[in-house]
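Observations on chain architecture
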Amino acid sequence: MELYDTLERLCSLSGPSGFEGKVAQAARKLLEPLMNEVSVDRLGNVIGIRRCGKPNAKRLLLDAHLDEIGLIVTGIEEGFLCFAPIGGVDPRMLPAREVTILAEPEPFFGMVACLPPHVQNAADHDKSVAIEDLRIDVGMTQTEAERAIPIGTPIVYREGCFRLAGEQVCGKSLDDRACFTILLRTAELLKDVELDVDLYVMGSVREEVAGTGAIVGTNAIDPDWCVAVDVTHAATPDLSHPKERTCELYGGPAIGVGPNMTWSLTDRMVAKAKEHEIPYQLEIMEGHTGTNGWHMQICREGIPTSVVSLPLKYMHSPIEVIALEDMENVAQLLAAFTKNLGKEGAECC
């Protein structure tokens, strides 16, 4: 598998929370050659199963979400679209931003209107505009816009992804399409390996709004172990987090440590990284992990859960950045974790 090609394919598609259909179709096609069966559940989760063939085999679920943050049309004023956020949208990112309005049967391009600097006063320079005060210009009259763009139409950033130097990739929806790509690579690494657990790979929906996809999927699968694979903050010069609360690009997978991860799974992740000489870093998560792992751990009677993260710069922006080397190392760690889990993982239950 060529990581960048797969990533580019997934990031070129639009799939804000609740509207993941096209991404789910692509994810299903990519997953099918690697699993015994693949299906899409009622909520829209893509779920692949690789059966090990052993009776009463335990089940391991690897999850990465398919949805992205976005916007939704709430009204039209003089041909300009009013909108609200879907997920954690930073209003500072919006003025002068190109967007795609996902109307049917064909989408429209637009841009978030901005106030030129020539007419701004001193106060305007030092503050962001509230989302409810922003508008999207689609070049239409009121009548044209009302006819073409119904209230409730979703919107996403227009960009896909592209390469940077140093084998880095920049673009929208790397959170969390990069991690679903990692799961595809993990399944590829395990394709000819004899497993002693049934492996489930889930591309979940609606993580950015409530984690409902992971909740529904995990309850249906009833796994013995879960691993939530998501992105985490990579260090940048202007990042406000203390340095000890960020991870390093090229530092390898970030293994979550805290009360909402099962210690035996954390220990196994660390041990496998050391055994296979995979670079890794620890991420302290003393409370809500901000991932599907938060929800998966309390499904059914409680499920042993681990969180493994991919370092990413500029989260929830249209210019998120990851390193392909980190993606490969996360996949290598997940594959090592999966091998012999049935035999070695009794203490992880």
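It should be noted that the structure appears before, not after, this text.
First, a word on what this report is: a plain description of the structure on this page. (Residues numbered from 1 in each chain as written. Predicted model: local features only at pLDDT ≥ 70, side-chain atom pairs only at ≥ 80, totals over all residues. Heavy atoms only, no water.)

Observations concerning the overall build of the chain
The test is simple: In this text, helices come from DSSP runs of H or I with a minimum length of four residues, and strands from runs of E with a minimum of two, each type numbered from the N-terminal end. Only the C-alpha atoms count toward the radius of gyration. The rule for a globule is 2.2 Å times the residue count to the power 0.38. Remark: exposure states derive from per-residue accessible area (1.4 Å probe, protein chains only) relative to the maximum for the residue type, with buried under 20%, exposed over 50%, and partly exposed in between. For this analysis, residues touch if any pair of their heavy atoms sits within 4.5 Å. Note that accessible areas follow from Shrake-Rupley with a 1.4 Å probe, and for residues the cover is restricted to the protein chains shown. Positive charge is attributed to Lys and Arg, negative charge to Asp and Glu, and no charge count is given to His or to the chain ends. For the purpose of locating charges, the reference atoms are NZ of Lys, CZ of Arg, CG of Asp and CD of Glu.
Regarding its fold elements, the chain presents 10 helices and 17 strands. Relative to the globule expectation of 20 Å for 349 residues, the C-alpha radius of gyration of the chain, 21 Å, shows essentially globular dimensions. Dimensions of the chain, computed from C-alpha atoms along their principal axes, come out at roughly 65 × 40 × 35 Å. Counting only residues that meet the buried cut, the chain has 54% of its 349 residues in that class. Within the chain, counting contacts between residues at least 6 apart in sequence, those at least 24 apart form 75% of the total. Surface exposure of the chain reaches about 15200 Å², of which carbon and sulfur atoms provide 51%. Counting 31 positive and 52 negative side-chain charges, the chain places the centres of these two groups 6 Å from one another.

Points about the pattern of salt bridges
For the record, the criterion: A pair is scored as a salt bridge if a Lys or Arg side-chain nitrogen falls within 4 Å of a carboxyl oxygen belonging to Asp or Glu.
For the coordinates displayed, the defined rule picks out 19 salt bridges. Among the salt bridges present, the one from E275 reaches K272, with a minimum N-O distance of 3.4 Å. Taken together, the positions of E275 and K272, both in helix α7 (residues 263–275) and three residues apart, correspond to about one turn of that helix. With a relative accessible area of 9%, K272 lands in the buried category. Salt bridges sharing common partners tie together R268, K272, E275 and E344.

Section: helix α5 (residues 174–189)
Spelled out, the test is: Helices are assigned an expected span. That span is 1.5 Å times one less than the residue count.
In a regular helix each residue adds 1.5 Å, so 16 residues correspond to 22 Å; α5 covers 21 Å between its end C-alpha atoms and thus fits that length. With 14 of 16 residues buried, α5 is to be regarded as a mostly interior element.

Some details on the side chain of H316
Heads up, the condition is: Any pair of nitrogen or oxygen atoms within 3.5 Å is treated as a polar contact; in protein, a donor-acceptor pairing is required on top of that, and neighbouring residues in sequence qualify only through side-chain atoms on both sides.
Topologically, H316 is positioned in the loop between β16 (305–312) and β17 (320–323). A distance of 3.2 Å separates polar atoms of two side chains, one belonging to H316 and the other to E208. Ignoring anything within four residues of it in the chain, the contact list for H316 reads I69, G88, Y157, D175 and E208.

Description of the packing of helix α1 (residues 3–11) against helix α9 (residues 324–338)
Stated precisely, the cut-off is as follows: Fitted lines through C-alpha atoms serve as axes, helices being fitted only where they are in contact, and the angles separating the N-to-C directions of these axes extend from 0 to 180 degrees. For this classification, under 35 degrees means roughly parallel, over 145 means roughly antiparallel, 65 to 115 means roughly perpendicular, and everything else is oblique. Note that Gly is not counted as nonpolar here; it falls among the polar residues with everything else outside the nonpolar set of Ala, Val, Leu, Ile, Met, Phe, Trp, Tyr, Cys and Pro and the charged set of Asp, Glu, Lys and Arg.
The interhelical angle for the contact between α1 and α9, taken along N-to-C directions, is 100°, at an axis separation of 11 Å. In this view, α1 runs roughly perpendicular relative to α9, as classed from their interaxial angle. Contacts between α1 and α9 involve L3, Y4 and L7 from the former and L324, M327 and E328 from the latter. When its residues are assigned to classes, the contact of α1 with α9 shows five nonpolar, no polar and one charged.

Here's the deal with the sheet that holds β17
Neighbouring strands of a sheet are bound in pairs by backbone hydrogen bonds; such pairs are parallel or else antiparallel. Using the following cut-off: What makes two strands pair is DSSP finding at least two bridges between them.
Here we have three strands laid out as an open sheet, ordered β10-β11-β17, and antiparallel in their pairing. Only two strands of the sheet have a single neighbouring strand rather than two, namely β10 (161–164) and β17. Direction aside, the axes of adjacent strands within the sheet are offset by 25° on average. Judged from the four bridges that link them, strand β11 (residues 168–171) and β17 form a sheet pairing that is antiparallel. Bridging from a neighbouring strand, G171 pairs with E320 of β17. Its contacts with the sheet place α5 against β11 and β17, and it is angled at close to 25° to β17. Running at roughly 60° to β17, α9 makes contact with β10, β11 and β17 of the sheet.

Quick look at the environment of G217
Here G217 shows up in helix α6 (residues 212–221). Residue G217 is classed as buried on the basis of its relative accessible area of 0%. When the C-alpha positions of G217 and M296 are compared, they lie 9.1 Å apart, and in sequence the two are 79 residues distant.

Focus on unusual backbone geometry
E104 connects to P105 through a cis peptide bond whose omega is 5°. Here P105 shows up in the loop between β6 (98–101) and β7 (108–112). For the bond from D175 to D176, the omega torsion is 15°, close enough to zero to count as cis. Counting through the fold element by element, D176 comes out in helix α5. In this structure, A96 takes a positive phi of about 70° despite not being glycine. Here A96 lies in the loop between β5 (80–86) and β6. Of the residues examined, A96 reaches a relative accessible area of 52% and is grouped as exposed. We note that R206 has phi near 60°; this positive angle belongs to a residue other than glycine. Note that R206 resides in the loop between β12 (198–204) and α6.

Points about the pairing of strand β14 (residues 254–257)
Applicable threshold: Looking down the strands as they point away from the viewer, one classifies a crossover as right-handed if the path from the first strand across the helix to the second runs clockwise.
In β14, alternate side chains face the same way, and those of A254 and G256 on one face and I255 and V257 on the other are all buried. For β14 and strand β15 (residues 281–284), the ladder comprises four bridges, and the chain directions are parallel. Paired with A254 across the bridge in β15 is Q281. Following the backbone out of β14, through α7 and into the adjacent parallel β15, one traces a crossover that is right-handed. Bridge count between β14 and β16: two bridges; the pairing is antiparallel. Each residue of the ladder has a partner; that of I255, found in β16, is V308.

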